[in-house]
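Next come the chains, spelled out residue by residue.
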Amino acid sequence: VQLQASGGGLVQAGGSLRLSCAASGRSMSNYVMGWFRQAPGKEREFVAAMRWIGGQYGSSYTDFVKGRFVISRDNAGNMVYLQMNSLKPQDTAVYYCAADSGSEIRQSHADYVYWGQGTQVTVSS
């Protein structure tokens with residue numbers, strides 16, 4: 001399985017960016033797919049994730065992005081997106097997409113088995 005993330009860049013505070021992640025190598029429809037981020041000198045932290053649960057996609061967000069970021073997936077399940085609005089300088093980080101074969105959405109990076117290469121997001125003040 002390969003995950004390819006794209007869409008990062010430089011944006012002013014208050015602006016928006018949309019990250020994309022394409023999975024290849026197998027169907028990811030039964031996988032959790034999500035996003036983590038890592039700022040310089042900090043731990044990799046959970047941002048958001050989605051999984052097909054009970055006939056629909058369920059999602060989970062960390063508190064500091066709720067109301068600003070929206071995660072989505074395509075119907076086939078092999079694309080995942082992160083729409084980031086009202087960006088703040090503290091959102092600056094390398095953003096990674098990741099996939100987990102577990103049956104529920106987990107927030108520890110140790111649970112995710114597949115990782116993309118990361119895409120830089122820089123928010124200027």
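The coordinates are above.
Here is a short report on the structure shown in this document. Residue positions are given per chain, counting from 1 as you read along its sequence in written order. Local features are withheld for residues below a pLDDT of 70 in this predicted model, meaning they are given only at 70 or higher, and side-chain atom pairs are given and counted only at 80 or more; totals for whole chains, interfaces and linings count all residues. Values reported for side chains reflect all heavy atoms of the structure, with hydrogen atoms and water molecules removed beforehand.

To qualify as a helix, a DSSP run of H or I must reach at least 4 residues; to qualify as a strand, a run of E must reach at least 2; elements of each kind are numbered from the N terminus. Secondary structure summary: the protein chain contains zero helices and 11 strands in total. For the protein chain, the sequential pattern of α-helices and β-strands runs β-β-β-β-β-β-β-β-β-β-β. Relative to the 2.2 N^0.38 estimate, which gives 14 Å for 125 residues, the radius of gyration of the protein chain is 13 Å and therefore close to what a compact globule would have. Counting only C-alpha atoms and orienting by the principal axes, one finds that the protein chain spans roughly 40 × 25 × 20 Å. Any pair of residues with heavy atoms lying within 4.5 Å of one another is described as a contacting pair. Looking at the protein chain alone, contacts between residues at least 24 apart form 58% of all its contacts between residues at least 6 apart. Only the protein chains shown count as cover for residues, with accessible areas throughout obtained via the Shrake-Rupley method and a probe of 1.4 Å. For the protein chain, the accessible area works out to roughly 6,200 Å², and carbon and sulfur atoms hold 45% of it. Where the 11 positive side-chain charges of the protein chain centre and where its 8 negative ones centre are 4 Å apart. In this treatment the radius of gyration is a C-alpha quantity, and the globule benchmark scales as 2.2 Å times the residue count to the 0.38 power. In this tally, Asp and Glu contribute negative charge and Lys and Arg positive charge; neither His nor the terminal groups of the chain are included. Charged groups are reduced to one reference atom each: NZ for lysine, CZ for arginine, CG for aspartic acid, CD for glutamic acid.

This brings us to the packing of aromatic side chains. In this analysis, rings of Phe, Tyr and Trp, with Trp reduced to its six-membered ring, are considered paired at centre separations within 6.5 Å, and the interplanar angle assigns stacked below 30 degrees, edge-to-face beyond 60, and tilted for intermediate values. Under the definition given, this model contains seven aromatic pairs. Ring centres 5.1 Å apart and planes at 55° place the aromatic pair phenylalanine 36 and tryptophan 115 in the tilted group. With phenylalanine 36 in strand β4 (residues 32-38) and tryptophan 115 in strand β10 (residues 114-115), the pair connects residues that are 79 residues apart, well separated along the chain. A relative accessible area of 0% means that phenylalanine 36 is categorised as buried. Between tyrosine 96 and tryptophan 115, the ring centres sit 6.3 Å apart and the planes meet at 80°, which makes this aromatic pair edge-to-face. Highlighted residues: tyrosine 96 in strand β9 (residues 93-100) and tryptophan 115 in strand β10, separated in sequence by 19 residues. Take tryptophan 115: its relative accessible area is 26%, and that puts it in the partly exposed class. An aromatic cluster of three or more residues is present, and its members are Phe36, Phe46, Tyr96, Tyr112 and Trp115. As a reminder, the over-ring test applies to NZ of lysine and CZ of arginine, requiring each to be within 6 Å of the ring centre and within 35 degrees of the ring normal. In this structure, arginine 18 packs its charged tip against the face of tyrosine 81, placed 4.1 Å from the ring centre. For each residue, the accessible area found with a 1.4 Å probe, counting protein chains only, is set against the maximum for its type, and the residue is called buried under 20%, exposed over 50%, and partly exposed in between.

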